[in-house]
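Take a look at the letters that make up each chain.
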Amino acid sequence: MNICFRVDASTIIGTGHVMRCITLAEELKKNDHNVYFICRLHKGHLSELILRKGFQVFNLDEPTQNRDLLVTKHAPWLGVTLEQDALETQKVVSSNKLQCDWMIVDHYAIDKSWEQSIKSYVPNIMVIDDIADREHDCSILLDQNYYQNANDRYSDLVPSTCRLLLGPQYALLRDEFIKFHNSPKNIKVNKSALIFYGGSDPINETLKAINAIKGKDILAHVVVGPSNPNKEIIKKNCATGNILFHYNINYMAKLMHEVDFALCAGGSTTWERYCVGTPAIVTGVADNQIELCENAQHLGVDHYIGTHDSITQSKIENELELFLEKRDIPLLNKRAKDIVDGHGKSRIIDLLNNI
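Criteria and cut-off values
- Counting starts from 1 at the beginning of each chain's written sequence and moves along it residue by residue.
- Side-chain atom pairs in this predicted model are given and counted only at pLDDT of 80 or more, local residue features only at pLDDT of at least 70, and totals for whole chains, interfaces and linings cover all residues.
- As a rule here, side-chain values come from all non-hydrogen atoms in the structure, and water together with hydrogens is ignored.
- Cavities and pockets were defined on a 1 Å grid built from protein atoms only: a cavity is a group of points that admits a 1.4 Å probe but offers it no way out, a pocket is an open group of points flanked by protein on both sides within 12 Å along at least five of seven lines, and a lining residue is one with an atom within 4 Å of any such point.
- Grid points are joined across faces, edges and corners, and a volume is the space filled by probe spheres set on the points.
- Per the convention used, a helix needs a DSSP run of H or I reaching at least four residues, while a strand needs a run of E reaching at least two, with both numbered from the N terminus.
- When residues are sorted by character, Ala, Val, Leu, Ile, Met, Phe, Trp, Tyr, Cys and Pro go into the nonpolar class, Asp, Glu, Lys and Arg into the charged class, and all the rest, Gly among them, into the polar class.
- What qualifies as a polar contact is a pair of N or O atoms within 3.5 Å, subject to a donor-acceptor requirement within protein and to the restriction that residues adjacent in sequence count only when both atoms come from side chains.
- In this description, strands pair whenever DSSP reports at least two bridges between them.
- Simply put, an axis is a line fit to the C-alpha atoms, just over the touching stretch for a helix, and the angle between two N-to-C directions goes from 0 to 180 degrees.
- In this analysis, two residues are considered to be in contact whenever any of their non-hydrogen atoms come within 4.5 Å of each other.
- Buried residues are those whose accessible area, probed at 1.4 Å on protein chains only, stays under 20% of the maximum for their type, while exposed residues exceed 50% and partly exposed ones sit between those limits.
- Look down the strands so they point away from you; if going from the first strand over the helix to the second traces a clockwise path, that crossover is right-handed.
- Geometric relationships in this document are graded by angle, where less than 35 degrees denotes roughly parallel, more than 145 denotes roughly antiparallel, 65 to 115 denotes roughly perpendicular, and other angles denote oblique.
- Two helices crossing with the near one rotated counterclockwise from the far one by less than a right angle form a left-handed crossing, whereas a clockwise rotation gives a right-handed crossing.
- Whenever a carboxyl oxygen of Asp or Glu lies within 4 Å of a side-chain nitrogen of Lys or Arg, that contact is scored as a salt bridge.

Draft legend 1. Geometry of empty space enclosed by the protein. A full pass over the atoms with the stated rule returns two cavities of 30 Å³ or more. Space inside the largest cavity adds up to approximately 50 Å³. In terms of lining residues, the largest cavity is bounded by Gly266, Thr270, Val282, Leu292, Cys293, Ala296, Gln297, Asp302 and Tyr304. The biggest single contributor to the lining of the largest cavity is helix α11 (residues 287-296), with three residues. The residue makeup of the lining of the largest cavity, split by class, is five nonpolar, three polar and one charged.

Here's what the structure looks like:
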């Protein structure tokens, strides 16, 4: 089949949407499908990375100003009106004779009107979403997060014929995490922790966690990405006996598997951690993480301590002490792995093949 992704990255949108699409695209390619990407040239786009991963990218022009601000909360993320984006996407599909069987859309700014306008060019549409705040016209909707009311969230937002793929059993995980799913953890007397609040962490939750864990009998691994504006300050604060600094690493899955627990943000890394069996003390660092953090806590693996604006160093210290005192980490390890088995990509591709 020919499958096209419509997805963007930017300094505002972040990188997560593109990264999870690349994960699915690589699995599709392994299954002998032809994969293309359509991406707008926002500031901070990832078209070059997508090319390096071996996929053809069709770039939409850099946005000037979005005049469609009031349609949805995330409409400014598109950079142009929905009508213009749909027309430009149609032009890419038709002028390049892509003959797409599926369009996979991962974009908080795209809704039912865009999807309906593209249907005469692409017969099947799959939507990847997790905020459930707008209508869609699609054959499949994937929301890999856990919500207690999962079956109700999209009941009025998609056609009755839409196949809903809901929950972390459909999590889009890179192979490096799946590889460690069946590897037992090395249970140690002295605990170790991962500190990671996203690639950029502009509000510097990382430093709060570092100061909270300094001097404790815990080996802490601090991971920082190249877009982190505080990386030099963080590195300086890691120059102590029990804290190790890791910058722009390519071994996150291995490190995540090796530690006993994490101090981290919510979001897509939740299911990466579960796949390798690592529970966490979690902070919500973005609006779209809060609902996930609150619901995921009911799975009995993580301890959610609140949003970043309510978290202090002393609160992390107190929660850390309670977590280590009251939580059975080996039990949490097993529980996490039972929830995410790493076969999400295969389940999705089987369905795409069968529709």
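Draft legend 2. How the structure looks around the environment of His246. Mapped onto the fold, His246 is located in strand β10 (residues 243-247). Distance from His246 to Lys235, taken between C-alpha atoms, is 8.7 Å for residues eleven residues apart in sequence. A polar side-chain atom of His246 sits 2.8 Å from a polar atom in the side chain of Tyr251.

Draft legend 3. Expanded view of the sheet that holds strand β11 (residues 261-265). Spatially, the six strands line up as an open sheet ordered β10-β9-β8-β11-β12-β13, and their pairing is parallel. Edge positions in the open sheet fall to β10 and β13 (303-307), since each of these has one partner strand only. Averaged over all neighbouring strand pairs, the angle between strand axes comes to 15 degrees, with direction disregarded. Note: strand β12 (residues 280-284) against β13, three bridges, orientation parallel. Looking at the pairing, Gly284 lines up with Thr307 of β13. Set on the sheet, helix α7 (residues 205-213) makes contact with β8 (191-196), β9 (218-224), β10, β11 and β12; between it and β8 the angle comes to about 160 degrees.

Draft legend 4. Representation of the pairing of β12 in the model. Buried residues dominate β12, accounting for five of its five residues. The alternating pattern of β12 places Ala280, Val282 and Gly284 and Ile281 and Thr283 on opposite faces, both of which are buried. In this structure, β11 lies alongside β12, joined through four bridges in parallel fashion. Within the sheet, the bridge partner assigned to Ala262 lies in β12 and is Ala280. A crossover connection joins β11 to the parallel β12 through helix α10 (residues 269-276); in handedness this β-α-β unit is right-handed. Each parallel crossover has a hand, and for β12 linked through α11 to β13 it is right-handed.

Draft legend 5. Focus on the packing of α10 against helix α13 (residues 329-339). Their axes nearest at 6 Å, the elements α10 and α13 cross at an angle of 115 degrees. With respect to α13, the axis of α10 lies roughly perpendicular. Relative to α13, the crossing made by α10 is left-handed. Listed contacts from α13 to Tyr274, Cys275 and Val276 of α10 are Asn333, Ala336, Lys337 and Ile339. Looking at the contact of α10 with α13, its residues break down into five nonpolar, one polar and one charged.

Draft legend 6. A look at the side chain of Glu115. The residue Glu115 is located in helix α4 (residues 112-118) in this model. A distance of 2.8 Å separates a polar atom in the side chain of Glu115 from a polar atom in the side chain of His136. If near-sequence neighbours (up to four positions away) are discounted, Glu115 is found in contact with Ile110, Ile125, Val127, Glu135, His136 and Asp137.

Draft legend 7. Region of the structure containing the packing of helix α1 (residues 16-30) against helix α14 (residues 344-354). Look at α1 against α14: their axes get within 10 Å of each other, and the N-to-C directions meet at 60 degrees. By the angle class used here, α1 and α14 are oblique. Considering the relative orientation of α1 and α14, their crossing is right-handed. For the pair α1 and α14, the contacting residues are Thr23, Leu24, Glu27 and Leu28 in the first and Lys345, Ser346, Ile348, Ile349 and Leu352 in the second. Here the contact of α1 with α14 is built from residues that sort into five nonpolar, two polar and two charged.

Draft legend 8. Highlighting the pattern of salt bridges. Scanning all chains against the criterion turns up 25 salt bridges. The salt bridge partner of Lys30 is Glu27, with a shortest N-O separation of 3.8 Å. Here Lys30 pairs with Glu27, and both are found in helix α1, just three residues apart, close to one helical turn. Here Glu272 makes a salt bridge to Arg174, at a shortest N to O gap of 3.7 Å. Here Glu272, found in helix α10, pairs with Arg174, found in the loop between β7 (163-166) and α6 (175-178); they are 98 residues apart in sequence, far enough to count as distant. Each of Arg6, Asp8, Arg40, Asp85 and Glu88 takes part in salt bridges that share partners, so that together they form one network.

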